[in-house]
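Geometric and topological summary
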There are 2 protein chains.
Amino acid sequence: VDAPIHTDALVVGAGPTGLFQAFQLGLLDIRCHLVDSLSAVGGQCVALYPDKPIYDIPAVPVCTGRELTQRLLQQTEPFQPTFHLAQQVSTVAPLGGAANEGGFDVTTSAGTRFVARTIFIAGGVGSFMPRQLSLDGMARFARNQLFYTGDALPCAAGAHVVVMGDDDAALDYALSLADATADRAASVTLMHRRDAFTAAPATVDRMRAACAAGRMRFVAGQVIGFEHTADRLTHLTLSGPDGHATSLPTDLVVVLWGLAPKLGPIADWGLQLARKQVVVDTEKFETSAPRIFAVGDVNTYPGKKKLILCGFHEATLAAYAAAAYVFPDRTVQVQYTTTSTRLHKLLGLATQQ
Amino acid sequence: VDAPIHTDALVVGAGPTGLFQAFQLGLLDIRCHLVDSLSAVGGQCVALYPDKPIYDIPAVPVCTGRELTQRLLQQTEPFQPTFHLAQQVSTVAPLGGAANEGGFDVTTSAGTRFVARTIFIAGGVGSFMPRQLSLDGMARFARNQLFYTGDALPCAAGAHVVVMGDDDAALDYALSLADATADRAASVTLMHRRDAFTAAPATVDRMRAACAAGRMRFVAGQVIGFEHTADRLTHLTLSGPDGHATSLPTDLVVVLWGLAPKLGPIADWGLQLARKQVVVDTEKFETSAPRIFAVGDVNTYPGKKKLILCGFHEATLAAYAAAAYVFPDRTVQVQYTTTSTRLHKLLGLATQQ
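Structural notes, computed from the coordinates. This structure is a prediction, so every number in the text was calculated from the model and none was measured.

**Some words on the sheet that holds strand β17 (residues 252–255) of chain B**
Residue and element names in this part refer to chain B.
- Sheet architecture is open: five strands sit in the order β10-β17-β11-β12-β13, paired in parallel fashion. In this open sheet, the two strands that pair with only one neighbour each are β10 (146–148) and β13 (217–220). Going from strand to strand, the sheet's axes swing by 20° on average, the running direction of each strand aside.
- One ladder, built from four bridges, connects strand β12 (residues 187–192) with β13; its direction is parallel.

Set out below in C-alpha cells:
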C-alpha cells in the first residue's frame, strides 16, 4: 500500500450520478477522486446498455448510455477528476470526531488508499456480481470445479462438464465445448430448469442439433445436492420436472446465470440501510454517518425513484452540503453558471461580459 | 368565458420546469395544458437571458436559454401539450372533497377556464411585473399619467415628462423625447437617485450632450411626494442629494425601472408560504393543498437550491404523485425509457426489440 491520497471528496461509483457529482463538486471548487469496480466509466449505462437509447434525460430528447457518459465526462472535464477504475472500495474507517470531522481512511481492493474529508456513494444498484448457485457446501469448489459468469473459464479436456443457464452466453459456451475438436470434454450437459431459452432462436436450434447428434445433452432440472470425496466434487444431484432425483458425474460446473447487482462491501460500512438501499435525508442526501453522502440508485428516501435525473439533483444538494464541511468558514451560496465570473473561472472559460 | 377545458393536469408556467413537467406527465400517460404570463414559452431563460450560455444542465455541457427551451419543447413534442400564453391564472377554486377530490375550477386573465384534476405550479420566481414607484396615492394615475416598463408609452406632445431610471431603456426613451422633431414634449427630465448610470457609456454621453444643449435635463434625486388637482397629477416633489425638496411641474411620469418577479395571484390561493415561496414536501412536491404541486424556483423545502436541474427532479416526483390521483386504481411504477415498450408507444416510437 502506497502513501494515502489526501482528498476533499471521494466519489464511489463513476456512473452518470458519480460523474455529475464530480461536476457539481467542481463548481463548488472541490476536487475529487472517483473509484469504480468496472474498468470503464459510465456504470450500468455503459456496461449494460451502451447503445440503447434513453429518452428521459432532461433537455436531451434522445441519447445512448455511451453518449450520456461522454457528455457527462465532457462536462466534468474542467475539473479533471482522477479515476481509479477496476477496484472496489473495501474498507472505510472514520479517523475521529463525533461527526467524522477527521474524515475517513479508505482502501480499495487494488490497494489504493485515500484519506478523504467527505465520501459520496454513487454506487448505483451496487457492484455487479455473478448470480451464484445457492447450495450449502458448494462454495469450497469455486474457481476449481465451480465457475461463474465473469470468471476465466477452465480447460474442460476430459471432464464431465455441466453448464447452467439459458441465454446466449450459456448455450454458446456449451456448444463451444460440444464442437471442440481438441481437448474435448468427456461429456457436456446443459442444464436449465425448463426446456425454454432466452437465447436467440438460431442458437437454440444449434444446441438442439448438437444434442440430436450426441455431442452434448440438455437436462431440464435443478441442482438439489452433490456428492464429493475429501477434496473433489464428483456428482451433482438433479431434480427433474417430475421431481425425480438423478445423479450426474460432474468434474466442472459452469454457472452462466449472468450478473446481479450487489451492494457489496458498502453493506459493511455501518450505514443505516432499508431493503439494501442506503437511507438518506432529502436536504443533504447524507447517510446516517456524517460526511458520507449517498446519491443515485443506491439510496432511498420517501418518494425515491431510481431515475438518472433524480441522481443529478441528489448529487447537487449533496455537493452543497459537503461544501459546508470542506469550507467551514465560507458561506456557500448558489451561483449561476450564466452570470457568475467565479464559476466561469472555475469552468476555465474566458472572462465574459 | 367559454365552456371550461377539462384536463387531468394544468401546469402553471411554461419555463424549463413546466415543460419538463409536461414531459414527465406524458410518460405517465397524463396529458396537460400549460398557462404562462409571457407570450412565449421558456420563462426567464428566454425572457431574460436567451443567448447566454448555461453550463450546469446535466449532460448538456453548454447551451443557451433559447436552446434549452427548444430541446425541452422537442422532448415534450410526443405528448402535444396545449399552451395558453400571455395570460395569468387569476383564480383557483376547489370543486369539493376534503382532499380536493373534485379538482379545481381555474380561470385566467384572458378568460380561459379549466376544470383541472391536478395543478402544477411551475411559476419560477413568479410573474415578471414592472418595478413600481411606491408612493401612497400615485396608483390612481397609472396608465393615464403614470407608466411603467412594459406599458405602451404615451404621446408626450406638449407635456412636462419625468423619466425615471438609469439604464439604456430609460436614457434611450428620454433621448427619443428630447430629440423629437414633431409632437415635442414641453420638457424632458431624467431622474435617478444619483449621477451614475448602468446605461452604456455612449448612451450616457449622448444624454449629457442633450442636457448641455438644453433639450433635456438630468436631476439627481428621489420622488417624495406629489401635487394634484381633483383628477390630475400636476407636480412631483423631489428630494435632491442635499435633502432639499423642489417641486417639478409634471404631466407624465414614466418609470423605467425594469421588471421584478412577483408571486402574483398565486399568493392568494391559500397555500402555505415561507418567504414568498410555496412550501412543499420532498416526497411529492405537493403544497399544503392536496392535488396542487409546486416545482422549480417557486417552491421551498429544506435544502432547496434554485437550479433548473432541481426543478426537473421535483417535476418528476410530482408527476408520479399526481398519477396516483389521476389513476387511483392503477399502481404506478417506474418504467425505463430504454426498455419499456409501453413508454416507447407513448413516445410515439416504432416498436423496438
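Resuming the write-up.
**A few points about helix α5 (residues 201–212) of chain A**
All names here are of chain A.
- Here α5 spans 16 Å end to end across twelve residues, near enough to the 16 Å set by a 1.5 Å rise per residue.
- Every buried residue of α5 is listed here: Thr 203, Val 204, Met 207 and Ala 210. The buried residues of α5 all sit within an arc of 120° when viewed along its axis, so they share a single face. The exposed residues of α5 that point more than 90 degrees off its buried face are Pro 201, Ala 202, Asp 205 and Ala 212.
- Residues of α5 that are buried make contact with α4 (168–178), β12 (187–192) and β13 (217–220).
- The first or second residue beyond α5 is Gly 214, which carries a positive phi of 80°.

**Notes on the pairing of β12 of chain A**
Residue and element names in this part refer to chain A.
- Where burial is concerned, most of β12 is hidden: five out of the six residues are buried.
- Looking at chain direction, strand β11 (residues 160–164) and β12 are connected through five bridges and run parallel. Looking at the pairing, Val 163 lines up with Leu 190 of β12.
- After leaving β11, the chain enters α4 and then returns to the sheet as β12, a path that is right-handed.

**Here we look at helix α3 (residues 65–76) of chain A**
Residue and element names in this part refer to chain A.
- Over its twelve residues, α3 extends 17 Å from the first C-alpha to the last, a length consistent with the 16 Å expected when each residue adds 1.5 Å.
- Those residues of α3 lying buried are Gly 65, Leu 68, Thr 69, Leu 72, Gln 75 and Thr 76. Along the axis of α3, the buried residues cluster in a sector spanning 125°; they form a single face.
- Elements that come into contact with the buried residues of α3 comprise α1 (16–27), α2 (43–47), β3 (53–54), β4 (63–64) and α6 (308–326).

**Quick look at the interface of chain B and chain A**
- In this assembly, 45 residues from chain B lie in contact with 45 residues from chain A.
- Across the chain B/chain A interface, buried area totals approximately 3900 Å², and carbon plus sulfur atoms make up 65% of it.
- Its largest share of buried area at the contact with chain A, chain B owes to Tyr 55, Ala 59 and Thr 338 of chain B, together 17% of the area lost on that side.
- Inspection of the chain B/chain A interface yields 17 residue pairs in polar contact (both at pLDDT 80 or more).

**Looking at the pattern of salt bridges**
Residue and element names in this part refer to chain B.
- Tallied over the full model, the rule gives 18 salt bridges over all chains.
- Two residues, Asp 151 and Arg 143, come together in a salt bridge whose shortest N-O distance is 3.3 Å.
- Owing to a relative accessible area of 15%, Asp 151 belongs among the buried residues under this scheme.

**Here we look at the nonpolar core**
- Grouped together as the largest cluster of nonpolar side chains are 136 residues, with contacts concentrated most on Ile 119, Ile 121 and Trp 269 of chain A together with Ile 119, Ile 121 and Trp 269 of chain B.
- If sequence neighbours within four positions are ignored, Ile 121 of chain A has contacts with Val 12, Ile 266, Trp 269, Leu 271, Ile 292, Phe 293, Ala 294, Val 295 and Val 298 of chain A.

Definitions and limits used
- Residues numbered from 1 in each chain as written.
- Chains lettered and ligands numbered in written order.
- Predicted model: local features only at pLDDT ≥ 70, side-chain atom pairs only at ≥ 80, totals over all residues.
- Heavy atoms only, no water.
- Pairing = 2+ DSSP bridges.
- Helix = DSSP H or I, 4+ residues; strand = E, 2+ residues; numbered from the N terminus.
- Axes fitted to C-alpha atoms, helices over the stretch in contact; angles between N-to-C directions.
- Expected span 1.5 Å × (residues − 1).
- Buried < 20%, exposed > 50% of the residue type's maximum accessible area, 1.4 Å probe, protein only.
- Arc of directions from axis to C-beta.
- Contact = heavy atoms within 4.5 Å.
- Right-handed = clockwise from strand over helix to strand, strands pointing away.
- Buried area = accessible area lost by both parts, 1.4 Å probe.
- Polar contact = N/O pair within 3.5 Å; in protein donor to acceptor, adjacent residues only side chain to side chain.
- Salt bridge = Lys/Arg side-chain N within 4 Å of Asp/Glu carboxyl O.
- Core = buried A, V, L, I, M, F, W, Y, C linked by side-chain atoms within 4.5 Å.

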